[in-house]
Amino acid sequence: MITTARPRRRAERSVGMVLRRLDSGQLLLICAAGLVAVAGVGYTAAAGLDRPEIAVAFGALIAVGELARLTMPGNREVAPIGAAAALGYTLLLDLSQHPLRHPALQVVAVIAVGMIAGALPHLAVGRPPRLDAMARRLLIGALPAFVFRPLADPLYELTKPPTSTWWPALAAMATLIAITLLIDVLIAALLRAEQVRTAFRVAVRDEINMAFPLGAAVGSSGVLLALATHSMDLVALLVFAAPLLVTQVAFRKYAGIRATYLQTVRALSRVTEVGGYVEPGHSRRVSRLAVAIGRELGMAEPELLELEYAALMHDIGQLSLRDPIPGGATVLTEPDQARRIAELGAEVIRQTGVLDRVAEVVRRQCDPITEDPPLSSRIIKVANAYDDLVGPSTDRDRAGAALERVRQSPGGSYDPHAIEALERVIERGRV
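Residues numbered from 1 in each chain as written. Predicted model: local features only at pLDDT ≥ 70, side-chain atom pairs only at ≥ 80, totals over all residues. Heavy atoms only, no water.

Novice: I'm lost on the overall build of the protein in this one. Help?
Specialist: Across its full length, the protein carries 19 helices and four strands. With the C-alpha coordinates of the protein rotated into their principal frame, the extents come out at 85 × 65 × 35 Å. In the protein, which comprises 431 residues, the proportion classed as buried is 46%. Residue pairs at least 24 apart in sequence account for 71% of intrachain contacts in the protein once pairs closer than 6 positions are excluded. Of the roughly 21500 Å² of accessible surface on the protein, a fraction of 63% belongs to carbon and sulfur atoms. Distance between charge centres in the protein, computed from 46 positive and 42 negative side chains, equals 6 Å. (Helix = DSSP H or I, 4+ residues; strand = E, 2+ residues; numbered from the N terminus. Buried < 20%, exposed > 50% of the residue type's maximum accessible area, 1.4 Å probe, protein only. Contact = heavy atoms within 4.5 Å. Areas by Shrake-Rupley, 256 points an atom, 1.4 Å probe, with all protein chains shown as cover. Lys, Arg positive; Asp, Glu negative; His and termini not counted. Charge placed at Lys NZ, Arg CZ, Asp CG, Glu CD.)

Novice: Sorry if this is basic, but what is going on with helix α18 (residues 396-407) here?
Specialist: For the α-helix, the turn length of 3.6 residues means that residues three or four positions removed from each other point alike. Between its terminal C-alpha atoms α18 stretches 16 Å, which fits the 16 Å expected from twelve residues at 1.5 Å a residue. Along α18, the residues that are buried comprise A399, A402, L403 and V406. Take α18 and look down its axis: the buried residues cluster within an arc of 100°, on one side only. Residues D397 and R405 are exposed on α18 and point more than 90 degrees away from its buried face. (Expected span 1.5 Å × (residues − 1). Arc of directions from axis to C-beta.)

Novice: Looking at this structure, I do not really get the confidence of the model for the protein. What am I missing?
Specialist: For any part of a model where pLDDT is low, the fine detail of the predicted coordinates should not be relied upon. Put simply, the protein has an average pLDDT of 85, and 93% of its residues get 70 or more. Mean pLDDT per element in the protein: helix α1 (residues 2-21) is the minimum at 46, and helix α5 (residues 104-124) is the maximum at 95. (pLDDT = per-residue confidence, 0-100.)

Novice: What is the right way to read the pattern of salt bridges from this model?
Specialist: Side chains that carry opposite charge are capable of pairing whenever their charged atoms lie near each other. For the structure shown, the criterion picks out 25 salt bridges. As a salt-bridge pair, E207 and R76 come within 3.0 Å of each other at their nearest N and O atoms. Of this pair, E207 sits in helix α9 (residues 200-210) while R76 is found in strand β2 (residues 76-78), placing the two residues 131 residues apart along the sequence. By relative accessible area, which is 3% here, E207 ends up buried. Owing to a relative accessible area of 10%, R76 belongs among the buried residues under this scheme. (Salt bridge = Lys/Arg side-chain N within 4 Å of Asp/Glu carboxyl O.)

Novice: Help me understand the nonpolar core, please; the structure alone is not making it clear to me.
Specialist: A general tendency of soluble globular proteins is for nonpolar side chains to be buried together. Judged by nonpolar contacts, the single largest core of 47 residues is most densely connected at Y89 and L91. Among all residues touching L91, those that are not within four sequence positions of it are F148, R149, M173, L176, I177, G222, V223 and A226. Residues A311, A399, A402 and Y414 belong to the second largest nonpolar core, which totals 42 residues. (Core = buried A, V, L, I, M, F, W, Y, C linked by side-chain atoms within 4.5 Å.)

Novice: Before we go on, may I ask you to explain the packing of helix α3 (residues 52-67) against α5 in this structure?
Specialist: In helix packing, the relevant descriptors are the interaxial angle and the interaxial distance, both defined with respect to the helix axes. Packing of α3 against α5 leaves a shortest axis separation of 7 Å and a crossing angle of 40°. Between α3 and α5, the angle is such that the two are oblique. In the crossing of α3 with α5, the sense of the turn from one axis to the other is right-handed. Across the interface between the two elements, A55, F58, G59, I62, A63, E66 and L67 of α3 pack against Q106, V110, I111, G114, M115, A117, G118, A119, P121 and H122 of α5. For the contact of α3 with α5, the residue count by class is eleven nonpolar, five polar and one charged. (Axes fitted to C-alpha atoms, helices over the stretch in contact; angles between N-to-C directions. Parallel < 35°, antiparallel > 145°, perpendicular 65-115°, else oblique. Left-handed = near helix turned anticlockwise from the far one by under 90°. Nonpolar A, V, L, I, M, F, W, Y, C, P; charged D, E, K, R; others polar.)

Novice: Sorry if this is basic, but what is going on with the packing of helix α4 (residues 80-91) against helix α10 (residues 212-232) here?
Specialist: Running from N to C, α4 and α10 cross one another at 45°; their axes reach a closest spacing of 7 Å. It follows from the interaxial angle that α4 and α10 lie oblique. Crossing of α4 against α10: the hand is right-handed. Between α4 and α10, the residues in contact are P80, A83, A84, A85, L87, G88 and L91 and L214, V218, G219, S221, G222, V223, L225 and A226, respectively. When its residues are assigned to classes, the contact of α4 with α10 shows eleven nonpolar, four polar and no charged.

Novice: Where do I start with unusual backbone geometry in this structure?
Specialist: Backbone geometry follows two general trends: most residues other than glycine have a negative phi, and most peptide bonds adopt the trans configuration. Unusually for a residue other than glycine, R51 sits at a positive phi of about 50°. Tracing the backbone through its elements, the reader meets R51 in the loop between α2 (24-47) and α3. Residues other than glycine seldom take positive phi values, yet D372 does so here, at roughly 55°. With respect to the helices and strands, D372 occurs in the loop between α16 (356-363) and α17 (375-390).

Novice: Hey, could you run me through the side chain of S221 in this one?
Specialist: In this fold, S221 is placed in helix α10. Sequence-distant contacts of S221, that is, excluding residues within four places in its chain, are made with A84 and L244.

Novice: How do you make sense of a nonpolar patch on the surface when you look at a structure like this?
Specialist: On the surface, a nonpolar cluster with roughly 310 Å² of combined accessible area is contributed by L143, F146, V147 and L151. Within the secondary structure, F146 is located in helix α6 (residues 131-148). (Patch = residues over 30% accessible without salt bridge, like charges linked within 9 Å, V, L, I, M, F, W, Y side chains within 5 Å.)

Novice: I would appreciate a short explanation of helix α15 (residues 335-350) in the present structure.
Specialist: A rise of 1.5 Å per residue sets the reference length of α15, with its 16 residues, at 22 Å; its end C-alpha atoms lie 22 Å apart and thus fit the reference within 8%. The complete set of buried residues in α15 reads A338, I341, A342, G345, A346 and I349. Looking straight down α15, one finds that the buried residues subtend no more than 135° of arc, so they occupy a single side. Elements that come into contact with the buried residues of α15 comprise α16.

Novice: How should I be thinking about the environment of R428 in this particular structure?
Specialist: By the secondary structure assignment, R428 is in helix α19 (residues 416-428). Overall, the relative accessible area of 49% leaves R428 in the partly exposed class. A sequence separation of 312 residues divides R428 from I116, and the C-alpha atoms of the two residues are 38 Å apart.

This is the structure we're talking about:
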């Protein structure tokens, strides 16, 4: 009895930990998706599948897309093939010139079952999907279904002889996709603003730049899939699945390269710690603090990535020192020595041949404000000075004294806007 109780308690604790990691927006999204999925599956179970062979084919493609899901930069979990298949099933008007009248709730049921089927292999090997990402994909797939399916019959009548015009249907599809993409961006921005503690306008801008192009490609693929079935029947699924899969493989390689790049930079930043030039964890703390300040100041994601690289390697120039600085605290050294360390570090980074902008940020991190260094350089200078004075300590008095010392430094040493952002970051506990 004790043996069976322990695994159950461990499982309950695991579920509790997962739920505690979710914020209010994520929980609301998951609950809404759960209700929609239950309604769709319940209705379809009671009413039966309309054209089951088509539902199973599209459900299988959605499952394949969910199985091949990937994580894009910014920790965005996406499943382009599954999303395109769900949209294609929503926009179907006919097959072999026979009208399709599957209701919106059946579309929801097919999407939900396909997503669950595709997630099961991941669960079996210990890679559970992110519930909030799955919920968002389900809701964004269900939204156009509830709008478009009631219009399917009148739009199909327009495509029949003698009129045989597809322009009204194409206009309706394009408008619906544009509205869906806009809603998806707003939902993603709301969730991201709460998760990473950034301004909503900044999150919207980042989502438009990072996620909107992929969403537009998925929308176009869904429309082409729906139109191709008009003349190619279900063979269109195989014809269009192949290029979608190739595209997804390319996205996966790109995301993998980005992740490997960041891991390499993080490993390189630890050389100064292993060599005893700086305190353990200094580079990582400065990086996190700098990124939090950058978000507070409204920097975009590409800029934040460069800032993170530069902050991780900001002290790499200390490797050229014969005698390490006590504690690695460059804030306590002479300005000329600090600038020489920054220049040597920039030269090391420039040797990679691909991080020239990061090298420039590192080189100018010790420049006075009067010389107008980049914003990233000014942020790193403030974050580094604060961590040099505080270190891993969590004592609030020490943190307050360090912040005051940075604020009271001689004019032109530190950017006042970066100092104000640092103060807000510390007050809100964002790091």
